[in-house]
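# Structural characterization, general
What follows is each chain in one-letter form.
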Amino acid sequence: MTRTGTTQASLRRALRREVPSTVGLLADEHDFTTMRQYRTFVFDDHPTYVRQVEALLKTLARQGGHTTVTLFDPEEYAAYCAETAIDPDHPASRSRFTAHLAVTGARIAYTGQPFADLLTDLVDTAVRHATWEYATTVLATTGDCATCGKDIGKAAFERATTLLTRLLDAAGPGTHHLVCSVPAADDQLLAALQADGSTRPASVAEEPATEFTAVLAAGIALGARGGLVLRTLTPGAPDRLHGWRLTDGSLVPLTEAEVFAAYCTDNRTGEPLPPEPGVEHRAGFPLPTDPDDDWPAHH
């Protein structure tokens, strides 16, 4: 039974608006070229593929439903097909993998933003997602301390939470941008966080704060020699840059010269870079300690 005057077609359109859509996006030409090995993947060139994806997203937006975009990785797709014993050269398999990514992978909502912005945000989200997965895996698999029996991952996360809280308390007023870098295998784990120092305690968004703490904790658990930098913006004053070295579960302040060298050296070539105008390079400040601190003695 339907309302008077409502056609079957309009009912289907109304129902369609309540069905979410997920689009798996090949981020670059390399991934696109990899997918061309499959006979059922019908696109011949990357620009055409991008135009068609953008047109599809706009069509879905006009229909009024919720659309999620996720990053389609060909290597992960091949592994997924092997694990689930499905044929990778079939559209239904790609659809099934995309649905899997909608639950487990990095994804963002499409709200009509320009395609270039969508792609940038999606890649950034995917990097953060991969970093989070790696950091949490480290914390979950490090095991127990041979001396005290504590879970090292849990203890490292608690330690990282304490360090971050102390740093933000000591940083004072201003808008704070923090970046934590931790070496891991052949890559670097990077996490960024913004904090509003006008409140006590400083105000941070929960999800980025958790991700940042997890990366710092992974460095602590691994005993890695990572680093943390803080940039403070205060209206009417130069930006202030501070830095610390992660050593034995503690943040050791860098000197002013070390902070300057870190910001004014090209990481790829080692060549000096001109200092950024309107920026003061300052030594890292010592963080408060507590007599009950037991890291790293028992870990």
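Just so we're clear, the structure is a prediction, and the values are computed from it rather than from any experiment.

## Here's the deal with the overall build of the protein chain
- A tally of regular secondary structure across the protein chain gives nine helices and 10 strands.
- The globule rule puts the C-alpha radius of gyration for 299 residues at 19 Å, and the 24 Å found for the protein chain is more than 25% above it.
- The principal-axis extents of the C-alpha atoms in the protein chain amount to approximately 75 × 50 × 50 Å.
- Evaluated residue by residue, the protein chain yields a buried proportion of 36% over its 299 residues.
- Once local pairs closer than 6 in sequence are excluded, the contacts in the protein chain between residues at least 24 apart make up 61%.
- Summed over all atoms, the accessible surface of the protein chain reaches about 17100 Å², with 54% contributed by carbon and sulfur.

## Examining the side chain of T68
- Counting through the fold element by element, T68 comes out in strand β2 (residues 67–71).
- Within the structure, the side chain of T68 is placed 3.4 Å from the side chain of H66, a separation counted as a polar contact.
- With sequence-adjacent residues up to four places away left out, T68 is seen in contact with S21, T22, V23, R107, I108 and A109.

## Notes on empty space enclosed by the protein
- Scanning the entire structure with this criterion turns up one cavity of 30 Å³ or more.
- For the largest cavity, the calculated volume is near 30 Å³.
- Contributing to the lining of the largest cavity are R16, R17, S21, L60, Q63, G65 and T67.
- The class makeup of the residues in the lining of the largest cavity is one nonpolar, four polar and two charged.

## Focus: the pattern of salt bridges
- Counted under the stated rule, the structure contains eight salt bridges.
- Here R36 makes a salt bridge to D44, at a shortest N to O gap of 3.6 Å.
- A relative accessible area of 56% means that D44 is categorised as exposed.
- Note that E276 and R231 form a salt bridge whose closest N and O atoms lie 2.9 Å from each other. One end of the pair, E276, is in the loop between α9 (256–263) and β10 (279–281); the other, R231, is in strand β7 (residues 227–233), and 45 residues separate them in sequence.
- Residues joined by salt bridges that share partners form a network here, namely R128, E207 and E211.

Cut-offs and rules
Residues numbered from 1 in each chain as written. Predicted model: local features only at pLDDT ≥ 70, side-chain atom pairs only at ≥ 80, totals over all residues. Heavy atoms only, no water. Helix = DSSP H or I, 4+ residues; strand = E, 2+ residues; numbered from the N terminus. Rg over C-alpha atoms; globule rule 2.2 N^0.38 Å. Buried < 20%, exposed > 50% of the residue type's maximum accessible area, 1.4 Å probe, protein only. Contact = heavy atoms within 4.5 Å. Areas by Shrake-Rupley, 256 points an atom, 1.4 Å probe, with all protein chains shown as cover. Polar contact = N/O pair within 3.5 Å; in protein donor to acceptor, adjacent residues only side chain to side chain. 1 Å grid on protein atoms, 1.4 Å probe; cavity = no way out; pocket = protein on both sides within 12 Å on 5 of 7 lines; lining within 4 Å. Points joined across faces, edges and corners; volume = space filled by probe spheres on them. Nonpolar A, V, L, I, M, F, W, Y, C, P; charged D, E, K, R; others polar. Salt bridge = Lys/Arg side-chain N within 4 Å of Asp/Glu carboxyl O.

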